[in-house]
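# Coordinate inspection notes
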Amino acid sequence: MKRIKTLSRIKRVEIEREEKTEKETGDKSLDSYELEELKEELSCRFGASADLKIEELKAGAADALLFYLETMIDSNVLKEIIHSIAKEPGTDTKVKTIDDVKGYGKEHFGGSGYKLAETVSQMTDFMLSGSIILAFKGVPRAISIPVPTTESRSIAEPSTQTVVRGPKDGFVETLSVNVSLIRRRIKNPRLQFEEFTIGNDTRTTVFISYMKDIADSGIVEEVRKRLKKIDTGAIFETGNIEELIADKTATLFPLALNTERPDAVAANLLEGKVAILCDGTPFVLLVPAVLVDFFSVSEDYYQNFLMGTFIRFIRYISFMIALITPSLYVGILTFHHELLPTTLLLSVIAQREGVPFPAVIEVLLMEITFEILREAGVRMPRAVGQTVSIVGALVIGQAAAEAGIISNIMVIIVAITAIANFVSPTYSFANASRLLRFLLIITAAFLGLYGVLIVLVLMVAHLSALRSFGVPYLAPVAPFIIESQKDVFFRFPFWSMNKRPSYLKPQKEEKQPKTGSPSPPPMNGGHGK
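Computed from a predicted structure; not experimentally measured.

Cut-offs applied
- Residues numbered from 1 in each chain as written.
- Predicted model: local features only at pLDDT ≥ 70, side-chain atom pairs only at ≥ 80, totals over all residues.
- Heavy atoms only, no water.
- Helix = DSSP H or I, 4+ residues; strand = E, 2+ residues; numbered from the N terminus.
- Buried < 20%, exposed > 50% of the residue type's maximum accessible area, 1.4 Å probe, protein only.
- Contact = heavy atoms within 4.5 Å.
- Arc of directions from axis to C-beta.
- Pairing = 2+ DSSP bridges.
- UniProt positions renumbered as here; feature names shortened; annotations may be inferred.
- Phe/Tyr/Trp six-rings, centres within 6.5 Å; stacked < 30°, edge-to-face > 60°.
- Lys NZ or Arg CZ within 6 Å of the ring centre and 35° of its normal.
- Axes fitted to C-alpha atoms, helices over the stretch in contact; angles between N-to-C directions.
- Parallel < 35°, antiparallel > 145°, perpendicular 65-115°, else oblique.
- Left-handed = near helix turned anticlockwise from the far one by under 90°.
- Nonpolar A, V, L, I, M, F, W, Y, C, P; charged D, E, K, R; others polar.
- Core = buried A, V, L, I, M, F, W, Y, C linked by side-chain atoms within 4.5 Å.
- Domains from an automatic or database assignment.
- Salt bridge = Lys/Arg side-chain N within 4 Å of Asp/Glu carboxyl O.

Right, let's get into the side chain of S496. Relative to the assigned elements, S496 resides in the segment after β12 (471–472). Given a relative accessible area of 12%, S496 falls into the buried group. Leaving out residues up to four positions away in the same chain, S496 has contacts with K486 and Q512.

Structural data, given as structure tokens:
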């Protein structure tokens, strides 16, 4: 009698739990449907979709239905599964209870990653993810077997972040392939991947990745919280996620680092950062991001540290050239002629003698023209895009100078500015300098170099106020952290960088033991004796 009461209480708890689930999700459990009703329900949900397939078959002695989306699965694997199900027709295998379904799944699909679906919504989600569903007559559970299609773009060299020395593989649009590229570089069980489903309509799979014993738990939890708060219809790219989780959206500067390079992601994970991977895009987000991250690339660490430091200085100088060169031209020619040597001033004035426009109009005209040419070069077919953009810039610049619309010095300034802008290793960061350049040009036209200085001061103040997941954007420069200066403006030797950045608050600050540079062997020919 006591056993009967216990079983009755357990059954009542299960019923209450199912009723609660139905109330919260608005979805009925499978025990509310017969096979024909389930067939009608799924047909109603997918409408007249041509790729929805529903097949009747026998699983031993049990009647069953097979549901799948033909375009989302691997047809060869499907044939093997159907053969496995129907290989013993007429046998007395019975599937009448939930335990029978579990046993059947373990026997026939063990090792395939199969799951049990309890509701119609779960069945729908599994089918949209590339699974086939096997539902049995009179059993309130269905088996979901993942057989997603294997068609995807092959691994190739990243198109936006090329290197001379270093790995040549890049991320693709398939999430499982991207995860494997990271796993190959960090063969460590403490490398964690957590799954999220974002987008009410797209149901996009998103992973966050971090090193369990290195990344700060507070930062990881903040990333989780912000991803869970996303309530939107569609997510197609990590750029959508970046806008929805950034600390402050009213800024031109990116608050998350994006990359196509698996080696860059692996290196940043080992520093204590968190990676965000999105299905359907080869770009991975890395947070928190600070300003100095956008001036370094993975190739800096694959060559001599002196060369790496030199190239990094080139990037900082190029950023300033791309940002302020046109505005300096406008400010000097409009207000501050005395800053130029007399010979140079006379040469510039002589070139501009026939130009009908003031300096600011001349600069804006050429800058906008170049932006149009650059956008045209990006959008046109690759076979002609680069040729059209280069030839267009040369022809238009030369023709405009000969026609007296602009001066020759203006062509030189626009060319130097454009080339310096392309030096930036991150496209999204280069866009910030492109937009700020126009603000500086307009300010220089009204206030001269004083206006340029005011805008630069306000820019630095704005950067100082920015945070990326709670980390100051100018760290480790402001606030100044002396122990983190080995990889900011200078790239110290690899053996000397034995600590992780302290502004990331890593659980383990030490990256490697303190070692010195290897000493040369003695010259006495004794091989160390």
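We now examine helix α5 (residues 120–128). Within α5, burial applies to V120, M123, T124, F126 and M127. Down the axis of α5, the buried side of the element spans an arc of 165°, and every buried residue falls inside it. Backbone geometry just after α5 places G130 at a positive phi near 100°.

With respect to burial, strand β9 (residues 274–278) is a largely interior element, five of its five residues being buried. Direction of pairing for strand β7 (residues 204–211) relative to β9: antiparallel, over a ladder of four bridges. Bridging across to β9, V206 finds its partner in C278. Pairing of β9 with strand β10 (residues 284–287) involves three bridges; the strand directions are antiparallel. Considered in β10, the bridge of A275 is made with L286. Counting the residues between successive antiparallel strands, the hairpin from β9 to β10 contains five residues, one of them, G280, with a positive phi of roughly 100°.

The sites that carry the UniProt feature "transmembrane region" (unreviewed entry) are, in the present numbering, residues 313–335, 405–423 and 435–459. Taken end to end, residues 313–335 is 96% helix and 0% strand, and its first and last C-alpha atoms sit 31 Å apart. As annotated, residues 435–459 has a helix share of 100% and a strand share of 0%, and its two end C-alpha atoms lie 12 Å apart.

Below, the discussion takes up the packing of aromatic side chains. If you walk through the whole model with that rule in mind, you get twelve aromatic pairs. Arranged with centres 4.3 Å apart and planes meeting at 15°, the rings of F295 and Y316 form a pair that is stacked. A residue pair is termed long-range when its members are at least 10 positions apart, and F295 in the loop between β10 and α10 (305–334) and Y316 in helix α10 qualify at 21 residues. A ring pair is formed by F295 and F429, whose centres lie 5.3 Å apart and whose planes are at 75°; its orientation type is edge-to-face. Highlighted residues: F295 in the loop between β10 and α10 and F429 in helix α15 (residues 427–465), separated in sequence by 134 residues. You can call F295 buried: its relative accessible area is 4%. The residue whose ring lies beneath R226 is F469, and the NZ or CZ to ring-centre distance is 4.2 Å.

Moving on to the sheet that holds strand β8 (residues 257–259). With antiparallel pairing, five strands are arranged side by side in an open sheet as β6-β7-β9-β10-β8. Strand pairing shows two members of the sheet lacking a second neighbour, β6 (191–198) and β8, which therefore form its edges. Strand after strand, the sheet turns through a mean of 25° between neighbouring axes, direction not considered.

A word on the packing of helix α12 (residues 359–379) against helix α14 (residues 408–422). Between α12 and α14, whose axes approach to 10 Å, the crossing angle comes to 45°. Relative to α14, the element α12 lies oblique. Relative to α14, α12 is oriented so that their crossing is right-handed. Residues E362, V363, M366, E367, F370 and R374 of α12 lie in contact with α14, whose contacting residues are M410, V414, T417, A418, N421 and F422. Broken down by class, the residue content of the contact of α12 with α14 amounts to seven nonpolar, two polar and three charged.

With 92 residues, the main nonpolar core has L227, I241, F253, I276 and Y329 as its most contacted residues. With eleven residues, the single largest contributor to this core is α15. Taken domain by domain, the makeup of this core includes at least three residues from each of domain 2 (175–289) and domain 3 (302–465). Setting aside anything within four residues of it in sequence, one finds L227 in contact with F196, I198, I208, I241 and I245. Of all hydrophobic cores here, the second largest spans 21 residues; its members include F109, F136, I145 and V147.

With respect to the element layout, L440 can be found in helix α15. Given the relative accessible area of 2%, L440 is considered buried. Taking C-alpha positions, L440 is 5.6 Å from S327, a pair spaced 113 residues apart along the chain. Filtering out sequence-adjacent residues up to four positions away, L440 remains in contact with L323, I324, S327, V452, V455 and L456.

A few words on the pattern of salt bridges. The full count for this structure, using the stated rule, is 25 salt bridges. Across the salt bridge formed by K225 and E222, the nearest N and O atoms sit 3.4 Å from each other. Taken together, the residues span about one helical turn, with K225 and E222 both in helix α7 (residues 217–229) at a distance of three residues. A relative accessible area of 40% means that K225 is categorised as partly exposed. For E222, the salt bridge is made with R226, and the minimal N-O distance between the two is 2.8 Å. On the criterion of helical spacing, the pair formed by E222 and R226 is a turn pair, its members being four residues apart in helix α7. Of the residues examined, R226 reaches a relative accessible area of 16% and is grouped as buried. The structure contains a network of salt bridges with shared partners spanning E367, E371, R374, R434 and R437.

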